Amino acid sequence: MIYDVRQTTVCSYATPVSHARHVLRLTPVSRDGERVQVAALQIMPEPMQRREGQDFFGNRLTWIEIDEPHSEVTVKLSARLSVDAPDDIAPLSTPPWEEVRDAAFATSDLGPLSPAHFLFPSRIVSLDPNIRDYVRQSFPPGRPILDAAIEIIHRIKTDLVYEIGSTTPTTTPTMCFAQRRGVCQDFAHVMISGLRGIGLPAAYVSGYLRTIPPEGQQRLQGADATHAWVSLWCGEELGWIGFDPTNDLIVANDHIILGMGRDFADVSPVDGIIVGSPKQKLGVAVDVILVA
């Protein structure tokens, strides 16, 4: 499938800012099953300095510096991408989850997609014992890993309430799990905490959902803005498989990856420092249109 993606991100300040430096993670890159045909960022006001690069995990970074008074920064992404549907995998044919766990801890691979980087606590995701015990219920001894993962996304969808405004970007998995409500970012963090708690490598993925669903299907939650889900390493043969606990489904070609890391902190769309206003507001509008 081929998609056109349009994202507008506006950072507004209560009072003018005299100087700003930002790191933007708003440009997709080609990955397995996803190819970027074209992508461009338009930034207003025009930065005095701009450079491009990538982080350890291969995410595209844009560093900018604005050295003039401004009340807002607007970043517009225009991109066209093709996304392949993943192969169908029979859940009961996948390896036992303990086998995957042992292989992850035994790996000597230290590359960007190595499971070794996604086994331990990260800046936002702690290994909460209550979340670990909750996830462990779906992983009895010998259960095939894909079969177990499908059950846990169904349970998260059932047991946690999707409620915009119930959390903030700094909400921890422990806080979300305690109140049993949150948004896609929170549900992904909860699932990651539980999976890592039982020794399975789990990554945080940010990206997009197609705006208009296929005929006869419901619009997915999170289609109005950027979305978040989980990628679980399922062994050397299967590799990384995406799971969307917010929508209770395995990731296919309706999901478009923007960034991947250990948690939201690794893929935050806008970071940086400003000289001026202590109050700011971030607004995001997204359209993902199927063109072929």
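Scroll up to find the structure this text is about.
Residues numbered from 1 in each chain as written. Predicted model: local features only at pLDDT ≥ 70, side-chain atom pairs only at ≥ 80, totals over all residues. Heavy atoms only, no water.

Participant: Is there a simple way to think about the overall build of the protein in this case?
Facilitator: Scanning the protein from terminus to terminus reveals six helices and 15 strands. Overall, the C-alpha framework of the protein stretches about 60 × 40 × 40 Å when taken along its three principal axes. The buried share of the protein, reckoned over its 292 residues, is 49%. Long-range contacts, defined here as pairs at least 24 residues apart, represent 74% of the contacts in the protein between residues at least 6 apart. (Helix = DSSP H or I, 4+ residues; strand = E, 2+ residues; numbered from the N terminus. Buried < 20%, exposed > 50% of the residue type's maximum accessible area, 1.4 Å probe, protein only. Contact = heavy atoms within 4.5 Å.)

Participant: Whenever I open this one, the packing of helix α2 (residues 129–136) against helix α5 (residues 184–197) confuses me. Can you help?
Facilitator: Helix packing for two helices is described by the angle between their axes and how far apart those axes are. It is at 8 Å that the axes of α2 and α5 come closest, and there the two elements cross at 80°. Comparing their axes, α5 and α2 come out roughly perpendicular. In this structure, α2 uses I131, R132 and V135 to contact α5, whose residues at the interface are V190, S193, G194, L195 and G197. Residues that form the contact of α2 with α5 fall into these classes: four nonpolar, three polar and one charged. (Axes fitted to C-alpha atoms, helices over the stretch in contact; angles between N-to-C directions. Parallel < 35°, antiparallel > 145°, perpendicular 65-115°, else oblique. Nonpolar A, V, L, I, M, F, W, Y, C, P; charged D, E, K, R; others polar.)

Participant: Would you mind going over the sheet that holds strand β4 (residues 49–54) with me for this structure?
Facilitator: Pairing between the strands of a sheet comes from backbone hydrogen bonds, and it takes one of two forms, parallel or antiparallel. As summarised here, the arrangement of the four strands in space is β4-β5-β2-β14, forming an open sheet in which the pairing is antiparallel. A strand with exactly one partner marks an edge of an open sheet, and here the two such strands are β4 and β14 (270–275). Across the sheet, the mean angle from the axis of one strand to that of its neighbour is 10°, orientation sign disregarded. (Pairing = 2+ DSSP bridges.)

Participant: Would you mind going over helix α1 (residues 97–106) with me for this structure?
Facilitator: Taken together, the buried positions of α1 are W97, E98, V100 and A104. In a view along the axis of α1, the buried residues occupy a sector of 160°, so they form one face of it. Contacts from the buried residues of α1 go to α3 (145–159) and β10 (227–233). (Arc of directions from axis to C-beta.)

Participant: Looking at this model, I keep getting lost on the side chain of E34. Mind explaining?
Facilitator: When you line up the elements, E34 lands in strand β3 (residues 34–44). It turns out E34 is buried and unbridged, and the closest side chain with the opposite charge, R31, is 4.9 Å from it. Once residues within four sequence positions are removed from consideration, E34 is found in contact with V29, L81, S82, V83, H255, I256 and I257. (Lys, Arg positive; Asp, Glu negative; His and termini not counted. Salt bridge = Lys/Arg side-chain N within 4 Å of Asp/Glu carboxyl O.)

Participant: Even after reading the chapter, I still don't get the pairing of strand β2 (residues 19–24), so can you show me in this structure?
Facilitator: On a regular strand, one side chain projects to one face of the sheet and the next to the other, so that they alternate. Counting buried positions along β2 gives five out of six residues, so the element sits mostly inside the fold. Pairing analysis gives six bridges linking β2 to β14, with the strands arranged antiparallel. Each residue of the ladder has a partner; that of L24, found in β14, is V270. Of the strand pairs in this sheet, β2 and strand β5 (residues 60–66) are connected by five bridges, and their pairing is antiparallel. Along β5, the bridge assignment pairs V23 with W63.

Participant: Help me out: how do you make sense of the environment of V100 in this one?
Facilitator: Summarising the element assignment, V100 is placed in helix α1. Not counting residues up to four positions away in its chain, the partners in contact with V100 are P95, I145, L200, W233, C234 and G235.

Participant: Is there a simple way to think about the nonpolar core in this case?
Facilitator: As a rule of thumb, nonpolar side chains are buried together in soluble globular proteins. With 41 residues, the main nonpolar core has V135, F139, M191, L195, L200, L232 and F243 as its most contacted residues. Discounting residues that sit within four places of it in the chain, V135 has contacts with I152, R155, G194, L195 and I198. Membership of the second largest hydrophobic core comes to 23 residues, among which are V17, L77, A79 and V83. (Core = buried A, V, L, I, M, F, W, Y, C linked by side-chain atoms within 4.5 Å.)

Participant: Could you clarify how one ought to interpret the sheet that holds strand β13 (residues 255–261) in this entry?
Facilitator: Pairing within the open sheet is antiparallel, and its five strands lie in the order β12-β11-β10-β9-β13. With partners counted over all chains shown, the strands left at the sheet margins are β12 (249–250) and β13, one partner each. This element, α3, spans β10, β11 (240–244) and β12 of the sheet and lies at about 20° to β11. Strands β9 (202–209), β10 and β11 of the sheet are contacted by α5, whose axis makes an angle of about 15° with β10.

Participant: Just to check I follow, could you spell out the pattern of salt bridges for this structure?
Facilitator: Working definition: two side chains of opposite charge can pair if their charged atoms are close together. According to the stated counting rule, one finds 14 salt bridges in the structure shown. Residue R181 pairs with E163 through a salt bridge whose shortest N-O separation is 2.4 Å. Here the residue R181 occupies a position in strand β8 (residues 181–182), and E163 occupies one in the loop between β7 (161–162) and α4 (173–179), the gap between them amounting to 18 residues. Between R210 and D254 there is a salt bridge, and its shortest N-O distance comes to 3.3 Å. Here R210 is found in the loop between β9 and β10, whereas its partner D254 is found in the loop between β12 and β13, with 44 residues between them in sequence. Its relative accessible area of 11% is what places R210 among the buried residues. Each member of the salt-bridge network shares a partner with another, and the members are R50, E52 and R60.

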